[in-house]
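For reference, the chains in residue letters:
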Amino acid sequence: MSNALGPLSRLRRLPDMAAVRWWCLVVAAELAVVTAYIDLTGTIVTQPRYVVYPFVWINVGVWAMLRTGTPSVDRRQWAFATAMAGGYLLLLFVAGGTLQFGIGGPLNGGAVASIHWNIPGLGPIVVYGTPRVRLSVIPFKVVGYVAMTYLVYARLLDATRAVLSGVLGLFSCVGCAFSLLLPLLGATTLFGSTLTGLAWDLSTLVFVLTVALLYWADEVGAAVSRRL
């Protein structure tokens, strides 16, 4: 296994100021895309922060992945880390509603293949599946879950006990599950419910905390060890 990841490894080595300029360009592009979508579709945004939250997931997740390298390990440790990370990603997808199984019977709606357009970050939402298995791809959720899984994978390769902090990631799906149903149910306004707002706030907070704990796992583990 190697640390060399092509463009990713080069991005990790960017000087601090270059990295800041790069992320400023990314945020500016995201703002331009959202503004264009709102202008073209006439979407009414009642709570602007809910437009921002998907990009918090995306940007924090991508930033953490770009800044986290993986060590060279033997094939046995790599296989173990890969299997554990794969199981963790599957668990996140199922808990967050991204992947559904019709275990007790066929899923409602039967076979489906559709695209639901929504504001960037939250959409487009791609839904595809059979009566027994269904995949609902919501951009920010998929990026967020993949980011947490990659960080768990990197920590498993490091053989650090702090990888257990990744379990917190499960709670970030529960909070946002209700609010993510609104576009699929054909909501005409963007996130008008107080309950939805609270879920988004809490789930985003837990997601950021989870990524932070995984990203700074070594520092957190060292601090805990000193206190013990």
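Residues numbered from 1 in each chain as written. Predicted model: local features only at pLDDT ≥ 70, side-chain atom pairs only at ≥ 80, totals over all residues. Heavy atoms only, no water.

Engineer: Would you take a moment to explain the packing of aromatic side chains for this structure?
Structural biologist: A ring pair, where both rings are aromatic, is described by two values, the distance of the centres and the angle of the planes. Summed over the entire model, instances satisfying the criterion amount to ten aromatic pairs. Look at W57 and F140: their rings are 5.1 Å apart centre to centre, the planes differ by 85°, and that puts the pair in the edge-to-face class. Of this pair, W57 sits in helix α3 (residues 48-67) while F140 sits in helix α5 (residues 139-157); the two residues are 83 residues apart in sequence, bridging distant segments of the chain. Across this residue pair, the class does not change: W57 and F140 are buried. Residues Y215 and W216 carry aromatic rings whose centres are separated by 4.8 Å and whose planes lie at 85° to one another, so their mutual orientation is edge-to-face. (Phe/Tyr/Trp six-rings, centres within 6.5 Å; stacked < 30°, edge-to-face > 60°. Helix = DSSP H or I, 4+ residues; strand = E, 2+ residues; numbered from the N terminus. Buried < 20%, exposed > 50% of the residue type's maximum accessible area, 1.4 Å probe, protein only.)

Engineer: Where do I start with the nonpolar core in this structure?
Structural biologist: Nonpolar side chains in soluble globular proteins tend to be buried together. Counting residues in each nonpolar core, the largest one holds 37 residues, and the members touching the most others are F140 and M148. Element by element, the count of residues in this core is highest for α5, at ten residues. (Core = buried A, V, L, I, M, F, W, Y, C linked by side-chain atoms within 4.5 Å.)

Engineer: Whenever I open this one, the sheet that holds strand β2 (residues 112-116) confuses me. Can you help?
Structural biologist: Two strands in a sheet stick together by hydrogen bonds in their backbones, pointing the same way (parallel) or opposite ways (antiparallel). Here we have four strands laid out as an open sheet, ordered β1-β4-β3-β2, and antiparallel in their pairing. Lying at the two open borders of the sheet, with one neighbouring strand each, are β1 (99-101) and β2. Each adjacent strand pair in this sheet contributes to an overall mean axis angle of 10°, direction not counted. Bridging between strand β3 (residues 125-129) and strand β4 (residues 133-137) involves four bridges; their strand directions are antiparallel. (Pairing = 2+ DSSP bridges. Axes fitted to C-alpha atoms, helices over the stretch in contact; angles between N-to-C directions.)

Engineer: So what exactly am I meant to see when it comes to the side chain of E30 here?
Structural biologist: Structurally, E30 is set in helix α2 (residues 16-41). For the buried E30, no salt bridge exists, and the shortest N-O distance to an oppositely charged side chain is 16 Å, to R67. The residues touching E30, leaving out its near neighbours within four places in the chain, are F55 and N59. (Lys, Arg positive; Asp, Glu negative; His and termini not counted. Salt bridge = Lys/Arg side-chain N within 4 Å of Asp/Glu carboxyl O. Contact = heavy atoms within 4.5 Å.)

Engineer: How do you make sense of the environment of S114 when you look at a structure like this?
Structural biologist: Along the chain, S114 turns up in strand β2. Once the C-alpha coordinates of S114 and G129 are considered, the two residues, 15 residues apart in sequence, prove to be 9.6 Å apart. Within the structure, the side chain of S114 is placed 3.2 Å from the side chain of H116, a separation counted as a polar contact. (Polar contact = N/O pair within 3.5 Å; in protein donor to acceptor, adjacent residues only side chain to side chain.)

Engineer: Quick question: what am I supposed to make of the packing of α3 against α5 here?
Structural biologist: Two measures define how a pair of helices packs: the angle their axes make with one another and the distance between the axes. Two elements in contact, α3 and α5, have axes separated by 8 Å at closest approach and are oriented at 30°. Taken together, the axis directions place α3 and α5 in an arrangement best described as roughly parallel. In this structure, α3 meets α5 at a crossing whose hand is left-handed. In this structure, α3 contributes P54, W57, I58, G61, V62, A64 and M65 to the contact, and α5 contributes F140, V143, G144, Y145, V146, A147, Y150 and L151. Each residue belonging to the contact of α3 with α5 can be placed in one class, and the counts come to 13 nonpolar, two polar and no charged. (Parallel < 35°, antiparallel > 145°, perpendicular 65-115°, else oblique. Left-handed = near helix turned anticlockwise from the far one by under 90°. Nonpolar A, V, L, I, M, F, W, Y, C, P; charged D, E, K, R; others polar.)

Engineer: Would you mind going over the packing of helix α4 (residues 75-95) against α5 with me for this structure?
Structural biologist: Contact geometry of α4 with α5 gives a least axis separation of 9 Å together with a crossing angle of 155°. The angle between α4 and α5 places the two elements in the roughly antiparallel class. Two packed elements cross with a definite hand, and for α4 against α5 that hand is right-handed. Contact residues: Q77, W78, F80, A81, T82, M84, A85, Y88, L89, L92 and F93 in α4; V142, Y145, V146, M148, T149, V152, Y153, L156 and L157 in α5. Considering only residue class, the contact of α4 with α5 consists of 17 nonpolar, three polar and no charged.

Engineer: Please explain the pairing of β3 as it appears in this structure.
Structural biologist: Across a regular strand the side chains alternate sides, sitting on one face of the sheet and then on the other. Burial along β3 is one-sided: the face carrying I125, V127 and G129 is buried and the face carrying V126 and Y128 is not. Joining the antiparallel neighbours β3 and β4 is a turn of three residues.

Engineer: Can you walk me through the side chain of S136 in this structure?
Structural biologist: Tracing the sequence through the fold places S136 in strand β4. Residue contacts for S136: discarding those within four places in its chain leaves G97, T98, Q100, V126 and V127.

Engineer: Just checking my understanding: could you explain the pattern of salt bridges for this structure?
Structural biologist: Any two side chains of opposite charge can pair, on the condition that their charged atoms come close. As enumerated under the stated definition, the model contains one salt bridge in all. Residue D201 is joined to R49 by a salt bridge in which the shortest nitrogen-to-oxygen separation is 3.2 Å. Taken together, the residues span a long stretch of sequence, with D201 in helix α7 (residues 194-215) and R49 in helix α3 at a distance of 152 residues. R49 gets classed as partly exposed once you look at its relative accessible area, which sits at 35%.

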